[in-house]
Amino acid sequence: MSNTTPPGPGGPEFLESSAGSPVVSEERSTDNRKRLLALGGLVGVLAVGGGAVWTATSFLSTGAQPAEAMPAGTLGYVSIDLDPSGGQKIEAIQTLRKFPAFKEEIGLETDDDLREKLFEEIVKSGECEGLDYAKDVEPWLGDRAAVGAADLGGDTPAPIVVVQVKDAGKAEAGLDRLLEVCGGGVTSDAEADEEMGGWVVSGDWVVISQTEADAQKVVDATEEGSLAEDADFKRWTAEAGEPGIMSMYAAPAAGEYMSRYLGDMAGMGAAFGMPVPGEEFDSGSSGFSESMPGEEPSVPPEIEQALADFDGAAATMRFDDGAVELEMAYSDYQKDLTENFLGAGGVEMVEGLPDDTVAAFGLGFTDGWAQAMLDYLETSSGDAMDMDELIAEAEAETGLDLPADIETLLGEGIAVGLGSGIDADAIVNGGPEELPLGIKINGDPQEIQAVLDKVKDLAGSEAAPYFEVTESDGFAVLATNDEYRAAMESGGSLGETEAYDTVIEDDAVSVLFVNFNGDDD
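Reading the values: the criteria
Residues numbered from 1 in each chain as written. Predicted model: local features only at pLDDT ≥ 70, side-chain atom pairs only at ≥ 80, totals over all residues. Heavy atoms only, no water. pLDDT = per-residue confidence, 0-100. Contact = heavy atoms within 4.5 Å. Pairing = 2+ DSSP bridges. Helix = DSSP H or I, 4+ residues; strand = E, 2+ residues; numbered from the N terminus. Axes fitted to C-alpha atoms, helices over the stretch in contact; angles between N-to-C directions. Buried < 20%, exposed > 50% of the residue type's maximum accessible area, 1.4 Å probe, protein only. Arc of directions from axis to C-beta. Polar contact = N/O pair within 3.5 Å; in protein donor to acceptor, adjacent residues only side chain to side chain. Core = buried A, V, L, I, M, F, W, Y, C linked by side-chain atoms within 4.5 Å. Phe/Tyr/Trp six-rings, centres within 6.5 Å; stacked < 30°, edge-to-face > 60°. Salt bridge = Lys/Arg side-chain N within 4 Å of Asp/Glu carboxyl O. Patch = residues over 30% accessible without salt bridge, like charges linked within 9 Å, V, L, I, M, F, W, Y side chains within 5 Å. Areas by Shrake-Rupley, 256 points an atom, 1.4 Å probe, with all protein chains shown as cover. Expected span 1.5 Å × (residues − 1).

Caption draft 1: Structural detail: the confidence of the model for the chain. Chain-level pLDDT for the chain is 75 on average; 69% of the residues reach the 70-or-more range. Below a pLDDT of 50 lies the segment residues 1-61, which in the model reaches 173 contacts outside its immediate sequence neighbourhood of four places, other chains included. In this model residues 184-196 is a low-confidence stretch, pLDDT under 50, and it forms 27 contacts with partners more than four residues away in sequence or in other chains.

If you want it as structure tokens, here you go:
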């Protein structure tokens, strides 16, 4: 394949099948277009597709980032950074080596060439036999890569893969070699261009898309404004905290595309006589509507509005202070609903669980949360659900007063704790009472017991012991056995333990905590 530079200074280098050969047709078959990402996949196996290994061994570093090679109109983006600084790389590997499976199966050391290690595994699996890492890959493959989708003016977003390269000329030869060895028998340049889609080498990046024309559009659009310069991208990635080994981003415009996608899916369902969102469900023998809808199906207006209000999101994964951390920031486009779950009661109770707690979950509620959830379900269904009728049926079956009894049952917050001393054989042979599991509720124990008494008989005699409430410091306690019940009642200071304090922020409003190093590993 030739390396051609368009006339004029500073023009991007690009790859084509041969000088003057035609650009890949836009009408090429879906199967062939999928082969476009065969190249991205081959490189991605070494860069993005190998994320499990890279994620386990990499961390933040300085230098050019993939967002600089994608246009500002990128709708979604996932990147990986394969160039950790020395100290951070050591911490990452030491953290992951705490897991016996990682230590035994991966066996990486801090001075290993991570890409070569993964390359050896790929060749060993039978893929890309004959490829030489030192000769064909290492000289040109860079340290960062990303996948994404961008609005290039078409009906649907165009897929993009960008991979950092060390040397444009060597990248050209390396890509040719990848096609030859890993391209499923494709040997000629013309065949490769037909099967693989298109790519352009621009500066320090190879940009891959469905066609060479699309790849060039990406390069041209990026020159007008990159994703790294986009205000929404900078805002949300900053909200997600310090960059890490992996970064993810969804643009505000992604909500509009999702709404369009759901509408298309509804249209496909209607074409086969299936019920669609917002359409009355036919409860006849088939369960499907027997005729085509009179109007073109659409997304329920409430969901459509929620997607229209979507303002963006970002996430980053990093190693920090001996832990693997995933931090997310996203558009609070349903503030009225979210506010019902911002109570502090659940987190406070988790922090007071026994110190040897292996796993815990805590969530707080505000007054009226259950009714708010019912209202949300009714409106989001496009009024297809008659909530009053459903509630009446549930009350008749259970004897509960809904939603009031649900709010009473869960109080202002709950904390679920799993204790140490888990014996799988004992649980299998002895039943749930052998599991050290308990629930603490920030509510009135007597009122909670009254609610449980209404449904105790429905649960059966074997489950009845698990419906007995005891009181501890004003909290209601439920547990699978008396020993763990006593532990829950006595409480503890889980929130002050090193494991908990390391990974849970002080301002958390809900908590899911798992101590992988607990209970004798």
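Okay, back to it.
Caption draft 2: Structural detail: the sheet that holds strand β11 (residues 359-364). If you walk across this open sheet you meet the six strands as β14-β15-β13-β12-β11-β16, and the pairing is antiparallel. Single-partner strands in this sheet number two, and they are β14 (470-472) and β16 (510-514). Here the average twist between neighbouring strands, direction ignored, is 20°. Looking at chain direction, β11 and strand β12 (residues 413-418) are connected through six bridges and run antiparallel. Of the residues in β12, the one forming a bridge with Leu363 is Ile414. Against the sheet, helix α19 (residues 445-459) contacts β13 (437-441), β14 and β15 (475-479), and its axis sits at roughly 40° relative to β15. Together, β12, β13, β14 and β15 form the strand contacts of helix α20 (residues 482-490), whose direction differs from that of β15 by roughly 155°.

Caption draft 3: Representation of α20. All buried positions along α20 are accounted for by Tyr484, Arg485 and Met488. Viewed end-on, α20 has its buried residues packed into an arc of 105°, placing them on one side of the element. Pointing more than 90 degrees away from the buried face of α20 are the exposed residues Asp482, Glu483 and Ser490. N-capping of α20 is provided by Asn481, with a side-chain oxygen placed 3.2 Å from the backbone N of Glu483.

Caption draft 4: Structural context of unusual backbone geometry. Residue Leu402 is joined to Pro403 through a cis peptide bond whose omega torsion reads 5°. Position of Pro403 among the secondary structure elements: in the loop between α16 (387-398) and α17 (404-410). A positive phi is found at Asp473, a non-glycine position, where the angle reads about 55°. Locating Asp473 in the fold gives a position in the loop between β14 and β15.

Caption draft 5: Up close: the pairing of β12. The pairing of β12 with β13 spans five bridges and is classified as antiparallel. Bridge pairing in β13 links Val416 to Ile439.

Caption draft 6: The arrangement of the nonpolar core in detail. With 26 residues, the main nonpolar core has Leu131, Trp140 and Val206 as its most contacted residues. With seven residues, helix α7 (residues 168-182) is the largest single contributor of residues to this core. Ignoring any residue separated from it by four or fewer positions in sequence, one finds Leu131 in contact with Phe119, Val123, Asp136, Val137, Arg177, Leu178, Val181 and Cys182. Core analysis: the second largest hydrophobic core is formed by 24 residues, Ala67, Met70, Ala158 and Ala251 among them.

Caption draft 7: Region of the structure containing the side chain of Asp136. Note that Asp136 resides in helix α6 (residues 133-137). We classify Asp136 as buried; its relative accessible area is 9%. Once residues within four sequence positions are removed from consideration, Asp136 is found in contact with Gly130, Leu131, Gly174 and Arg177.

Caption draft 8: Spotlight on the packing of aromatic side chains. Applying the stated criterion to the full structure yields six aromatic pairs. Note on Tyr77 and Phe233: the rings are 5.7 Å apart at their centroids and 90° apart in plane angle, and the pair reads as edge-to-face. On the criterion of sequence distance, the pair formed by Tyr77 in strand β3 (residues 74-81) and Phe233 in helix α10 (residues 231-239) is long-range, its members being 156 residues apart. The two residues Tyr77 and Phe233 agree in class, both being buried. An angle of 70° between the planes, with centres 6.1 Å apart, marks the rings of Phe341 and Phe365 as edge-to-face. In this pair, Phe341 is assigned in the loop between α13 (335-338) and α14 (345-351) and Phe365 in the loop between β11 and α15 (369-380), connecting sequence segments 24 residues apart.

Caption draft 9: Summary view of the environment of Gln371. As for its placement among the helices and strands, Gln371 is situated in helix α15. On the basis of relative accessible area, Gln371 is assigned to the partly exposed category, the value being 34%. For the pair formed by Gln371 and Ala404, sequence separation is 33 residues and the distance between their alpha carbons is 8.2 Å.

Caption draft 10: The pattern of salt bridges, seen in detail. Taken as a whole, this structure holds eight salt bridges when the rule is applied. Between Arg144 and Asp81 there is a salt bridge, with the nearest N and O atoms lying 3.3 Å from each other. With Arg144 in strand β4 (residues 141-150) and Asp81 in strand β3, the pair connects residues that are 63 residues apart, well separated along the chain. By the burial criterion, Arg144 is buried, and Asp81 matches it. In this structure, Lys166 and Glu138 form a salt bridge, with 3.1 Å as the shortest nitrogen-oxygen distance. In this pair, Lys166 is assigned in the loop between β5 (158-165) and α7 and Glu138 in the loop between α6 and β4, connecting sequence segments 28 residues apart. Note on Lys166: relative accessible area 42%, which makes it partly exposed. Using a relative accessible area of 29% as the deciding quantity, one classes Glu138 as partly exposed. A cluster of three or more residues bridged by salt bridges with shared partners is formed by Asp453, Lys456 and Glu468.

Caption draft 11: Highlighting a nonpolar patch on the surface. A cluster of nonpolar side chains, Met258, Tyr261, Leu262 and Ile303, forms an exposed patch at the surface whose accessible area comes to about 330 Å². With three residues, the single largest contributor to the nonpolar patch is helix α11 (residues 254-271). You can see Tyr261 is positioned in helix α11. Look at Tyr261 and you get partly exposed, because its relative accessible area is 46%.

Caption draft 12: Helix α9 (residues 212-224), seen in detail. Between its terminal C-alpha atoms α9 stretches 19 Å, which fits the 18 Å expected from 13 residues at 1.5 Å a residue. Residues of α9 that are buried: Glu212, Asp214, Ala215, Val218, Val219 and Thr222. Projected down its long axis, α9 carries its buried residues within an arc of 170°, all on one side. Those residues of α9 that are exposed and angled more than 90 degrees off the buried face are Glu223 and Glu224.

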